[in-house]
Amino acid sequence: MKKNIDVIICTNKNLTVLKKLIRQIFTQKGNFLIKIIIIHQTQSASLFPNFLNNKNIVYRILKKKNLSVAKNTGLELSNSNHICFLDDDVSIKNNYFFDCITFFKKTKCDLIFNKIIQKKSLKPLSKNMGNRDKKINFLNSSCCLSSSMWIFLKNKKKFFFDERFGLGAKYGSGEETDYIFNNLKKNNTIYYLSKASILHPEEFSDQKNSSQIYEKFYSYGTGQGALLKKNIDISTKKIIYLFIISLFKSFIAILIYIIFFNKNNIIKYYSLLKGKIFGFVNYN
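Read on for a plain summary of the structure. This one's a predicted model, so the numbers in the text were calculated from it and none came from an experiment.

**Describing helix α5 (residues 210–230)**
Item 1. Helix length check: α5, at 21 residues, gives a terminal C-alpha distance of 30 Å against a target of 30 Å (1.5 Å per residue), a fit within 8%.
Item 2. Along α5, the residues classified as buried are Ile-213, Phe-217, Gly-221, Thr-222, Gly-223, Gly-225, Ala-226, Leu-227 and Leu-228.
Item 3. The secondary structure elements touched by the buried residues of α5 are α4 (175–185), α6 (236–259) and α7 (263–282).
Item 4. Between a side-chain oxygen at the N-terminus of α5 and the backbone nitrogen of Ser-211 the separation is 3.1 Å; the capping residue is Asn-209.

Here is the structure:
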């Protein structure tokens, strides 16, 4: 019997960029019935490529550019117990689905996040993404990014993303971490799975100048700071500790990259530091 998997892809780009990823999804190893749900954040309909004319592809236009709204729209359209979120610019191996579904069976967990590797450098997108699998808690969730995220709905009950967080929202990141925290509060089990990795473009590939880097990572920082303030009910001491540690890491990174004269990373961590403080202080 084939296992149903719904793949949600949110994009605001020309649909032609999806051609390679769509092919990789439909040629996955394993006995799966795959449905792809594309949420296109655009003000007007664009040219619809022939490769998307497939009965197993659902396409919706969302005029509001808000990543969490797009993800929630995808969740509403999904009817599978296994849901996979993928960025529009990633690449996956042909055993990616097989490895993730096998891990779900082995651990009986509720959420999986995978290792994300940059395509050219072959370095992890985040330094927190190690080579060992680990169970996620409130203190070690920084290795989990939504570019590669799986949900297993054991009882068909769906949890949705907070639409104040994420790209295009008031706070420009943190929607996946907020989702993790909400699941942990409900005693759901979450794992970081390093084996089933995906490839992602280089970190600064879409930023052409210092201003763009600053704006992107400042927005990310506001989400990180606001997220901690939102979840202060978990434990005031624990959240304050996490916030201080987060600021300290950004500050140390700034010093390190000053020594190595790495301009892009200096801007990145300075803007993250500034954004974190703004988000934490101003969230209400």
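From this point, things continue past the structure.
**Notes on the nonpolar core**
Item 1. Ranked by size, the top nonpolar core spans 62 residues in total, and within it Val-7, Ile-25, Tyr-96, Phe-97 and Trp-150 carry the most contacts.
Item 2. Those residues in contact with Trp-150 that lie beyond four places of it in its chain are Ile-5, Ile-83, Cys-84, Tyr-96, Phe-97, Cys-100, Ile-101, Phe-104, Asp-110, Leu-111, Ile-112 and Asn-114.
Item 3. Core analysis: the next-biggest nonpolar cluster, separate from the first, contains 16 residues, Phe-204, Tyr-269, Leu-272 and Leu-273 among them.

**A word on the environment of Ile-92**
Item 1. The topology assignment puts Ile-92 in strand β5 (residues 91–92).
Item 2. Between the C-alpha atoms of Ile-92 and Asn-140, which are 48 residues apart in sequence, the distance is 25 Å.
Item 3. Beyond its immediate stretch of four places on either side in the chain, Ile-92 contacts Leu-21, Gln-24, Ile-25, Gln-28, Leu-86, Phe-97 and Ile-198.

Quick notes on the rules
Residues numbered from 1 in each chain as written. Predicted model: local features only at pLDDT ≥ 70, side-chain atom pairs only at ≥ 80, totals over all residues. Heavy atoms only, no water. Helix = DSSP H or I, 4+ residues; strand = E, 2+ residues; numbered from the N terminus. Expected span 1.5 Å × (residues − 1). Buried < 20%, exposed > 50% of the residue type's maximum accessible area, 1.4 Å probe, protein only. Contact = heavy atoms within 4.5 Å. Polar contact = N/O pair within 3.5 Å; in protein donor to acceptor, adjacent residues only side chain to side chain. Core = buried A, V, L, I, M, F, W, Y, C linked by side-chain atoms within 4.5 Å.

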